[in-house]
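One-letter residues, chain by chain:
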Amino acid sequence: MDDTPHASDARYYAGVPFKRGIAWVLDMVLIALLCTLILPFTAFTGVFFFPVLMLVVGFIYRWFTIAGGSATWGMRIMGIGLRDHHGAALSSGLALAHTFGYSVSVAVPPLQLISIILMLVTPRGQGLTDHLLGTTAVHASR
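Residues numbered from 1 in each chain as written. Predicted model: local features only at pLDDT ≥ 70, side-chain atom pairs only at ≥ 80, totals over all residues. Heavy atoms only, no water.

K.L.:
Please give an account of the overall build of the protein that cites residues and values.
P.N.:
Secondary structure assignment for the protein yields 6 helices and 2 strands. Put simply, the protein runs from its N terminus to its C terminus through helices and strands in the order α-α-α-β-α-α-α-β. The C-alpha atoms of the protein give 15 Å as radius of gyration, which agrees with the globular expectation for 142 residues (14 Å, within 12%). The principal-axis extents of the C-alpha atoms in the protein amount to approximately 55 × 30 × 25 Å. (Helix = DSSP H or I, 4+ residues; strand = E, 2+ residues; numbered from the N terminus. Rg over C-alpha atoms; globule rule 2.2 N^0.38 Å.)

Right, here's the structure in full:
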């Protein structure tokens, strides 16, 4: 993202980690509701593998919403969006890679902890996956 005119402008990143946290909670509630709606279609056996169901539904939800607007619905409500290293919206392929990285982090708690710490201490609030892919979350109005 260093080659964009706004890469060093702190206004693009101010408060974004907090907004990402709230967006994550909103997304998790929505994903849990979707999974609850799916349960009857599994003859309620989904109760026994609900965390796996959450991971699968969450993966699909994140990939499609990020690919379709460079933000999940929670991010859109909070007024933030993901951008690539050029400052452009994420492509479908990059959205898939970002979603995959997030899913791996969630599946391996120490990686998720590292990601959260990075979001809190780095100037652009980038998580582990963001650092690997060169993505960042910014205020959508900027």
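From this point, the discussion proceeds with the structure in view.
K.L.:
Account for the packing of aromatic side chains, with residues named and values stated.
P.N.:
Under the defined criterion, the tally for this structure stands at 3 aromatic pairs. Their ring planes at 65 degrees and their centres at 6.5 Å tell us that Phe 59 and Trp 63 sit as a pair that is edge-to-face. Of the two residues, Phe 59 and Trp 63 both sit in helix H2 (residues 50-69), 4 residues apart, roughly one turn of that helix. For Phe 59, a relative accessible area of 21% corresponds to the partly exposed category. Trp 63 sits in the partly exposed class, given a relative accessible area of 25%. An aromatic cluster of three or more residues is present, and its members are Phe 59, Trp 63 and Phe 64. (Phe/Tyr/Trp six-rings, centres within 6.5 Å; stacked < 30°, edge-to-face > 60°. Buried < 20%, exposed > 50% of the residue type's maximum accessible area, 1.4 Å probe, protein only.)

K.L.:
Could you give an account of the nonpolar core, with specific residues and numbers?
P.N.:
Val 16, Ala 23, Ile 66, Ala 71, Met 75, Met 78, Ile 80, Leu 82, Leu 90, Leu 94, Ala 95 and Ala 137 form the largest nonpolar core, which has 12 residues in total. Secondary-structure elements contributing two or more residues to this core are helix H1 (16-38), helix H3 (73-78), strand S1 (80-83) and helix H4 (92-107). With near-sequence residues (within four places) excluded, Ala 23 lies in contact with Gly 74, Met 75 and Met 78. (Core = buried A, V, L, I, M, F, W, Y, C linked by side-chain atoms within 4.5 Å. Contact = heavy atoms within 4.5 Å.)

K.L.:
So what about the environment of Pro 51? Which residues, and what values?
P.N.:
Relative to the helices and strands, Pro 51 is located in helix H2. Taking C-alpha positions, Pro 51 is 14 Å from Pro 109, a pair spaced 58 residues apart along the chain.

K.L.:
Which residues make up the pattern of salt bridges, and what are the values?
P.N.:
A complete count under the given rule lists 2 salt bridges for this structure. The closest approach of N and O atoms between Arg 20 and Asp 130, which form a salt bridge, is 2.7 Å. Of this pair, Arg 20 sits in helix H1 while Asp 130 sits in helix H6 (residues 128-133), and the two are 110 residues apart along the sequence. Two residues, Asp 27 and Arg 62, come together in a salt bridge whose shortest N-O distance is 3.9 Å. Pair noted here: Asp 27 is in helix H1 and Arg 62 is in helix H2, with a separation of 35 residues, a long-range link. Residue Asp 27 shares its accessibility class with Arg 62, and that shared class is buried. (Salt bridge = Lys/Arg side-chain N within 4 Å of Asp/Glu carboxyl O.)

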